[in-house]
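Residues per chain are reported as follows:
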Amino acid sequence: MAAMFEGYGSTGPAFDEMFDGDRLRPPYQRLRHSLAELTTPELVSRVDALQAGYLDQGVTFDIGGEERAFPLDIIPRVIEMDTWSTIERGVQQRVKTLEAFLADVYDAGEVFDDGVIPRRVITTSAHYHREAANVRPPNGVRVHVSGIDLIRDNAGEFRVLEDNVRVPSGVSYVMTNRRAISAALPETIAHHRIRPVAGYPQRLLAALRAAAPAGVTDPTVVVLTPGVYNGAYFEHALLARTMGVELVEGRDLECRRGRVMMRTTKGLEPVHVIYRRIDDEFLDPVHFRADSVLGVPGLIDAARAGNVTLANAVGNGVADDKLVYTYLPDLIRYYLDEEPTIKNVDTWRCGDDDAREEVLDRLDELVLKPVDGSGGKGIVIGPRATRAELDELRGKILADPRSWIAQPVVQLSTVPTFVDNELGPRHVDLRPFAVNDGSRVWVLPGGLTRVALPKGELIVNSSRGGGSKDTWVLAGPSVPLDEDELASIQPAAASDATVDAGDAVDAGDAAEEGAEQVPSPEAYPEQPTSAGPAPTESPQVVEQEQQQQQQQQQRQVQVGSDAEVGRC
Amino acid sequence: MLSRIAESMFWIGRYVERAEDTARILDVQTQLLIEDATIDEQETCSGLVSIMGIEPEDLGTDTVDLSVVLDRLCYGATHHSSIAASIAAARESARRARETLSVPLWEALNTTYRAIPSGHFHSMRTPAVFQWVRERAALVNGTADATMVRDEGWHFLMLGRCVERADMTSRLVATASLSAGDETPWSATLRATGGYEAFLRTYRGVETERAATEFLLLDRLFPRSVVFALTRAEQCLANIDATDPRAGFHNEAQRLLGRMRAELEYRALSEISADLPTEMERLQRTCAMATEAVTRRYFAGAEALSWTGVSH
Amino acid sequence: MQLRIHHTTTFTYDGKATASLNQARMTPVTTPEQIVVHNRIEVSPKPWISEYRDYFGTYVTSFEVLDPHDQLVVTATSTVQTQRQPASEPVLSWEDLTTHAVADRWTEYLMRNDLVEPPDDFVERVRRIREDAARPGEAARAVCELVYDEVEYVPGSTQVHTAAAEAWGQRAGVCQDMTHLAIGGLRKLGIPARYVSGYHHPSADPVVGETVTGESHAWLEWWDDGWHAFDPKERIAPDDRYVSVAVGRDYSDVKPISGIYSGASTSEMSVEVDVTRLD
């Protein structure tokens, strides 16, 4: 395996997280030496077992009708304790700011009066839902779950790429990835003290219960899913199961006299907190799309009456708007009176006159993104565009400058990835998840690292070959290994991929609770295949499911191997 | 439990049982047609199709022969009373309730279903295909028995199975009085239920129409008898709804099934045998009404409504 | 003066509607210009009702009927004491309009969507008005008068979703279209303008105690250090015969009734309004 790192060669100016030139960075020392004695064939066999395991358990996704194992690279990403502390503080700061911002823009709007951000930016956002204007969450929390996407720039500094505070997904893979890697690399895990991730469902449940309407002592929490056709259904089902709450669809719920009830065999039972995995637009046909069969009529009114809590709240989308993103540093200063712990990626708003001039001067150097784009659509990467494309872009910017933002080409950091039976650097990003219970923003130690698997791909999401990595946050400082320790690290005999290494994972106890149970593979249902709509399912439902599915897929990270920030 | 899930469990039970019992009925009839040349194929097939609840107008053909029967009741996945359709429907219900089923049960149902799109099902000829259906049903039922927690979901599953079994056994009994040939159909019918040997032991080898009817309708110990199925169904309802009123029954379905069972048990068998087809039809109607009662009480409102916007 | 208004909306479903959920914006708000003495909304069949104020400050009555019904009748009765001040002189200057206090605060009443976007030839006329107007307030009134002069009131010439540009193109429309058109013109000039829905007594000199058939009416208000109202259909600033109910950016924010129903395939709607001067 030592041979595998020969000729590793990082890609140009990108920050490689394992190697600094030839030197091994401290967080990865143990990893390298633990893997040192594994031969390539052995590693390949473990990779095969990992993929087979995922297929059996149904941790899969669809590409063009073919079901494939969720792509998990066997080499984990290691983040040291101090680095993580900064990330944690940065994420907490971000979430607190967004909470304050949302409470403000749906109420007094002081941030406008004080001139911090033009009101127009908010009022013209498609996600500014005036219906939510007088819906006050019982414990003040609107962002119960968030995913703050981070990248690491050339200097190795973390930057926020995007905030996701509507219906962020992916946390289920964080948990399944940890389980899978513990089975694939048990000895390596044993040599590290890693902070566990299995406690997430309990944290989420506690936060949801804390968000219950006033006066409800034993709230009923449910997970509201669009149904089996939704691409993230696996996650909805997993979370419902690990939290021990009912998984419901819109048709299982009914609003009566301003209260939300669940249709059970014992009659109607009250529901107090809904962890909804349905977009705002489909949630309530009374106020939003009347043709939605996924939602529950009367839900918003019930929330307004204070009889049910919706998590995340309706209308959060205005906070993860691309334009609002550019104002976040100012918002952090305004609401928290603090400097941003994690910076934004440098961004220019073409709507600002000075910025626009500079942008137009440097069109061939920058990445231009439409404010309203998603899924990578409309992004122009200056250095790769032709003369004609740049001229067309110039015209579009001049015609509607407010609709464009520009960012420099950022070289995303790289981490060793096992692709085509060899180790090579691949670009990654990171989505840490945070849970807000009203008194504290808890950040899951780790998060979803997404990696661009193919070399030379520009904008990649899971449907174009993106993958993920298990992300290890070390529970203690990374102490460099000395000679004796190096000599004493003997890899265990190549073990069965099915070895249950659950306990070894939780060896890291740092600030975390010790005894979480890592969910067993048998607990995961198979990912339903999209074998076509059921005969009894109306085409409308299927279409909406597929719409939702597309929206979910488009939110996957795009990570360019040439490291342009090809995301939006 | 959620009404929607309970409904799915109920229908899984019914569809699997329907597939199995349809296979049993068809097994008997195809065997008879082959063995006894004196039987009028058209008449038998028309009678069979009618007992299975298919209107003659829906057949789309005037000549009802064995191939039509096999298409409508076995292979034709688009015909809602066929074995193929029942298997598909069972799997579809299972898909919706997947979180509630045990993994082995889901896999058993799914694998059974997959034989249809893969072509395996259609490649099997009679009587092998009927054998296959019975074996798969046994696998599904056995897996359910071994792996499912005895909670509400289980009771709805059993309830569906029992209601369907009572219904289908009554149809089986009705078809036995169909064939007007020389051979008595009762041995084939009893064999189809797997109870032929048990019957012989019970009735000491005396095989009469009366005895067979008694066995299939009234035997309290034979699991495929109508009375057994109805009793079991009543038990399921009692388990689901634990409240026990002092007088009468709150539960409409319980009342309907209990009354039917009591009638069967307390009326003279000769009364029933006098007009078997009519009596069996009554039984089937009772099962249908009981299903409606169960749906009203436990599954109400579980369908998704579609909304139209209006604004002035 | 004191006015009583009955506003009845009837939905008739073909077949039975199994459920309907609606939001009614038929309750006037007490302002410096009007005091709501009494208001009641009755719905048949009897629904469950909840009330709230929406984003624009309009009272909304939300009601759900969950029993099968083939007809839904909503009647709003309001008794309002009106006391409007006469229209005041223009105050703000054209520069004042560009300040943060105006342009940012009222940004929503400056945005133009398809419904209110003015057509090019109309914009031309509006620009000429701008050149001659010393103050925005003058221009605003002139734009409204332009709409009155050129667009004929022809009931039925447009639909609920007709864009202002279309009404201008055919030089015919109803109060909703005229209001949208004037709003579009004003916003083009940078004058914040908003849509008002309400009622007005059709007689020039209402007789006490006489009940007349009225209508749901629309007019606009523009910002000039305060909201100034003008009715482009009647070419006057609303007086005591006017009762306002809801405000918003355009018609879609102030719909008297909107909602959803399930079960029946179609629904038909009819509206009746009557107004009585009480004092």
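Just so you know, these numbers come straight off a predicted model, no measurement behind them.

Peer 1: Got a minute to help me understand a negative patch on the surface in this structure?
Peer 2: Residues and elements named next belong to chain C. A cluster of acidic residues, Asp120, Asp121, Glu124, Glu131 and Asp132, forms a negative patch on the protein surface. Among the secondary structure elements, aspartate 132 is positioned in helix α3 (residues 120-132). Residue class for aspartate 132 comes out exposed when judged on its relative accessible area of 68%.

Peer 1: Would you explain the interface of chain A and chain C in this entry?
Peer 2: In this complex, chain A contributes 24 residues to the contact, which on the side of chain C involves 19 residues. Buried surface at the junction of chain A and chain C, both sides included, amounts to about 1800 Å², of which 59% is carbon and sulfur. Counting the surface chain A buries against chain C, the share from its top three residues, Arg119, Arg130 and Arg257 of chain A, is 30%. For the pair chain A and chain C, the number of links is two salt bridges. Arginine 119 of chain A serves as the salt-bridge partner of aspartate 104 of chain C, at 3.7 Å between the closest nitrogen and oxygen. Going through the elements one at a time, α4 (110-113), α5 (119-123), β10 (253-256) and α11 (299-304) of chain A are the ones with two or more residues in the side of chain A that touches chain C. Examining the composition of the side of chain A that touches chain C, we find that three residues originate from one element, α5 of chain A, more than from any other.

Peer 1: So what exactly am I meant to see when it comes to the pattern of salt bridges here?
Peer 2: Working definition: two side chains of opposite charge can pair if their charged atoms are close together. In the structure shown here, the tally under the stated rule is 74 salt bridges over all chains. As a salt-bridge pair, glutamate 17 of chain B and arginine 224 of chain B come within 2.7 Å of each other at their nearest N and O atoms. Here the residue glutamate 17 of chain B occupies a position in helix α1 (residues 3-35), and arginine 224 of chain B occupies one in the loop between α12 (209-218) and α13 (226-240), the gap between them amounting to 207 residues. Residue class for arginine 224 of chain B comes out buried when judged on its relative accessible area of 8%. For arginine 235 of chain C, the salt bridge identified is with glutamate 145 of chain C, shortest N-O distance 3.6 Å. Residue arginine 235 of chain C is located in the loop between β12 (227-230) and β13 (242-248), and its partner glutamate 145 of chain C is located in helix α4 (residues 136-150); the two are separated by 90 residues in the primary sequence. You can call arginine 235 of chain C partly exposed: its relative accessible area is 32%. For glutamate 145 of chain C, a relative accessible area of 18% translates into the label buried. Among the charged side chains, a network of salt bridges with common partners joins Glu17, Glu20, Asp21, Arg24, Arg165 and Arg224 of chain B.

Peer 1: I'm lost on the sheet that holds strand β11 (residues 259-264) of chain A in this one. Help?
Peer 2: Strands pair in a sheet through their backbones, by hydrogen bonds, and they do so in one of two ways: parallel or antiparallel. Residues and elements named next belong to chain A. Overall, antiparallel pairing links the three strands, which are arranged β10-β11-β12 in an open sheet. Of all the strands in the sheet, the pair left with one neighbour each is β10 and β12 (267-270). Averaged over all pairs of adjacent strands, the angle between their axes in this sheet comes to 45°, without regard to strand direction.

Peer 1: Quick question: what am I supposed to make of the packing of helix α5 (residues 83-96) of chain B against helix α6 (residues 103-114) of chain B here?
Peer 2: Two quantities define a packed helix pair, namely the angle between the axes and the distance from one axis to the other. All names here are of chain B. Here α5 crosses α6 at 145°, and the two axes come no closer than 9 Å. The two elements α5 and α6 meet at a crossing, and its hand is left-handed. Taking contact as the criterion, the partners of Ile87, Ala88, Ala90, Arg91, Ala94 and Arg95 in α5 are, on α6, Trp106, Leu109, Asn110, Thr112, Tyr113 and Arg114. By residue class, the composition of the contact of α5 with α6 is seven nonpolar, two polar and three charged.

Peer 1: For this particular structure, what's the right way to read the sheet that holds strand β17 (residues 366-370) of chain A?
Peer 2: Residues and elements named next belong to chain A. Spatially, β16-β19-β17-β18 is the arrangement adopted by the four strands of the open sheet, whose pairing is antiparallel. The strands lining the two open edges of the sheet, one partner per strand, are β16 (348-349) and β18 (380-381). The sheet contact formed by β17 and strand β19 (residues 404-408) spans five bridges and is antiparallel. What sits directly across from proline 370, in β19, is tryptophan 404. Running at roughly 55° to β19, helix α12 (residues 322-336) makes contact with β16, β17 and β19 of the sheet. Contacting β17, β18 and β19, helix α14 (residues 387-399) runs over the sheet at an angle of about 130° to β19.

Peer 1: Where do I start with the confidence of the model for chain C in this structure?
Peer 2: Taken as a whole, chain C shows an average pLDDT of 92; of its residues, 100% reach a score of 70 or greater. Here the complex is predicted with pTM 0.84, and the ipTM for its interfaces comes to 0.91.

Peer 1: Is there a simple way to explain unusual backbone geometry in this structure?
Peer 2: Trans is the prevailing form of peptide bonds, just as negative phi is the prevailing case for residues other than glycine. The step from threonine 126 of chain B to proline 127 of chain B runs through a cis peptide bond, and the omega angle for that step is -5°. Topologically, proline 127 of chain B is positioned in the loop between α7 (120-123) and α8 (128-147). Cis peptide bonds are those with omega within 30 degrees of zero, and the linkage from serine 44 of chain C to proline 45 of chain C qualifies with 0°. Note that proline 45 of chain C resides in the loop between β3 (34-44) and β4 (48-53). Positioned with a positive phi, asparagine 421 of chain A is a non-glycine residue whose angle comes to about 60°. Along the chain, asparagine 421 of chain A falls in the loop between β20 (414-419) and β21 (422-431). Note on asparagine 421 of chain A: relative accessible area 48%, which makes it partly exposed.

Peer 1: What exactly am I supposed to notice about the packing of aromatic side chains here?
Peer 2: Here the distance between the centres and the angle between the planes together describe a pair of aromatic rings. What the rule picks out here adds up to 28 aromatic pairs over all chains. Each ring, one from tyrosine 203 of chain B and one from phenylalanine 215 of chain B, has its centre 6.2 Å from the other, and the planes form 90°; the classification is edge-to-face. Note that tyrosine 203 of chain B is positioned in the loop between α11 (196-202) and α12 and phenylalanine 215 of chain B in helix α12, a separation of twelve residues in sequence. Linked through ring pairs, Phe10, Trp11, Tyr15, Phe156, Tyr298 and Phe299 of chain B together constitute an aromatic cluster. One Lys or Arg, arginine 130 of chain A, reaches over the ring of tyrosine 55 of chain C and ends 5.3 Å from the middle of that ring. Above the ring of tyrosine 153 of chain C, the side-chain terminus of lysine 233 of chain C is found at 4.2 Å from the ring centroid.

Peer 1: In this structure, what is going on with the side chain of serine 20 of chain C? I would like to understand it.
Peer 2: Residue and element names in this part refer to chain C. The topology assignment puts serine 20 in strand β2 (residues 19-27). For serine 20, the side chain forms a polar contact with the side chain of histidine 69, separated by 3.1 Å. Each residue touching serine 20, except ones within four places of it in the same chain, is listed here: Tyr13, Phe63, Glu64, Val65, His69, Leu72, Ile260 and Tyr261.

Peer 1: Where do I start with the environment of threonine 179 of chain C in this structure?
Peer 2: All names here are of chain C. Examined against the element boundaries, threonine 179 turns out to sit in helix α6 (residues 175-188). Overall, the relative accessible area of 0% leaves threonine 179 in the buried class. For threonine 179 and aspartate 231, which are 52 residues apart along the polypeptide, the C-alpha to C-alpha distance reads 7.6 Å. In this view, threonine 179 contacts Tyr195, Ala218, Trp219, Leu220 and Pro232; residues no more than four positions away in its chain are not counted. A polar contact is formed between the side chain of threonine 179 and the backbone oxygen of cysteine 175, at a distance of 2.7 Å.

Peer 1: Teacher, can you tell me more about the nonpolar core here?
Peer 2: Side chains of a nonpolar character, in soluble globular proteins, are inclined to be buried together. In terms of nonpolar packing, the biggest core is built from 117 residues, with Ile122 and Ile274 of chain A together with Phe156 and Leu159 of chain B touching the most fellow members. Take this core: its biggest share by element is eleven residues, from helix α9 (residues 152-176) of chain B. Residues contacting isoleucine 274 of chain A, with those up to four places away along its chain left out, are Val222, Leu224, Leu253, Val260, Leu299, Val308, Thr309, Leu310 and Ala311 of chain A. Residues Phe11, Tyr13, Ala139 and Val212 of chain C belong to the second largest nonpolar core, which totals 72 residues.

Peer 1: Help me understand helix α10 (residues 186-193) of chain B, please; the structure alone is not making it clear to me.
Peer 2: Side chains three or four residues apart in an α-helix point the same way, a direct result of the helix having 3.6 residues per turn. Residues and elements named next belong to chain B. Burial analysis of α10 places seven of its eight residues in the buried class, the great majority of the element. Restricting attention to buried positions, one finds in α10 the residues Trp186, Ser187, Ala188, Thr189, Leu190, Ala192 and Thr193. For α10, the elements touching its buried residues are α1, α9, α11 and α12. With its phi angle positive at about 80°, glycine 194 sits one or two positions after the end of α10.

Peer 1: What exactly am I supposed to notice about helix α6 (residues 171-184) of chain A here?
Peer 2: Helix length check: α6 of chain A (14 residues) gives 20 Å between terminal C-alpha atoms against 20 Å at 1.5 Å per residue, within 8%. The buried count for α6 of chain A comes to 14 of 14 residues, which makes it a mostly enclosed element.

Peer 1: Help me understand the environment of valine 116 of chain C, please; the structure alone is not making it clear to me.
Peer 2: You can see valine 116 of chain C is positioned in the loop between α2 (100-104) and α3. Sequence separation between valine 116 of chain C and methionine 178 of chain C is 62 residues, and the spatial gap between their C-alpha atoms is 9.8 Å.

Peer 1: I keep staring at the pairing of strand β13 (residues 273-276) of chain A and nothing clicks. Help me out?
Peer 2: As a general feature of sheets, a regular strand has side chains that alternate between the two faces. Residue and element names in this part refer to chain A. Judged by which residues are buried, β13 turns out to be covered on both faces: Val273 and Tyr275 on one side and Ile274 and Arg276 on the other are all buried. Of the pairings in the sheet, the one linking strand β8 (residues 221-224) to β13 comprises four bridges and is parallel in character. Bridging across to β13, valine 222 finds its partner in isoleucine 274. Examined bridge by bridge, β13 and strand β14 (residues 309-311) share three bridges and lie parallel to one another. Residue pairing across strands places tyrosine 275 opposite alanine 311, the latter belonging to β14.

Thresholds applied
Residues numbered from 1 in each chain as written. Chains lettered and ligands numbered in written order. Predicted model: local features only at pLDDT ≥ 70, side-chain atom pairs only at ≥ 80, totals over all residues. Heavy atoms only, no water. Patch = residues over 30% accessible without salt bridge, like charges linked within 9 Å, V, L, I, M, F, W, Y side chains within 5 Å. Areas by Shrake-Rupley, 256 points an atom, 1.4 Å probe, with all protein chains shown as cover. Salt bridge = Lys/Arg side-chain N within 4 Å of Asp/Glu carboxyl O. Lys, Arg positive; Asp, Glu negative; His and termini not counted. Charge placed at Lys NZ, Arg CZ, Asp CG, Glu CD. Helix = DSSP H or I, 4+ residues; strand = E, 2+ residues; numbered from the N terminus. Buried < 20%, exposed > 50% of the residue type's maximum accessible area, 1.4 Å probe, protein only. Contact = heavy atoms within 4.5 Å. Buried area = accessible area lost by both parts, 1.4 Å probe. Pairing = 2+ DSSP bridges. Axes fitted to C-alpha atoms, helices over the stretch in contact; angles between N-to-C directions. Left-handed = near helix turned anticlockwise from the far one by under 90°. Nonpolar A, V, L, I, M, F, W, Y, C, P; charged D, E, K, R; others polar. pLDDT = per-residue confidence, 0-100. Phe/Tyr/Trp six-rings, centres within 6.5 Å; stacked < 30°, edge-to-face > 60°. Lys NZ or Arg CZ within 6 Å of the ring centre and 35° of its normal. Polar contact = N/O pair within 3.5 Å; in protein donor to acceptor, adjacent residues only side chain to side chain. Core = buried A, V, L, I, M, F, W, Y, C linked by side-chain atoms within 4.5 Å. Expected span 1.5 Å × (residues − 1).

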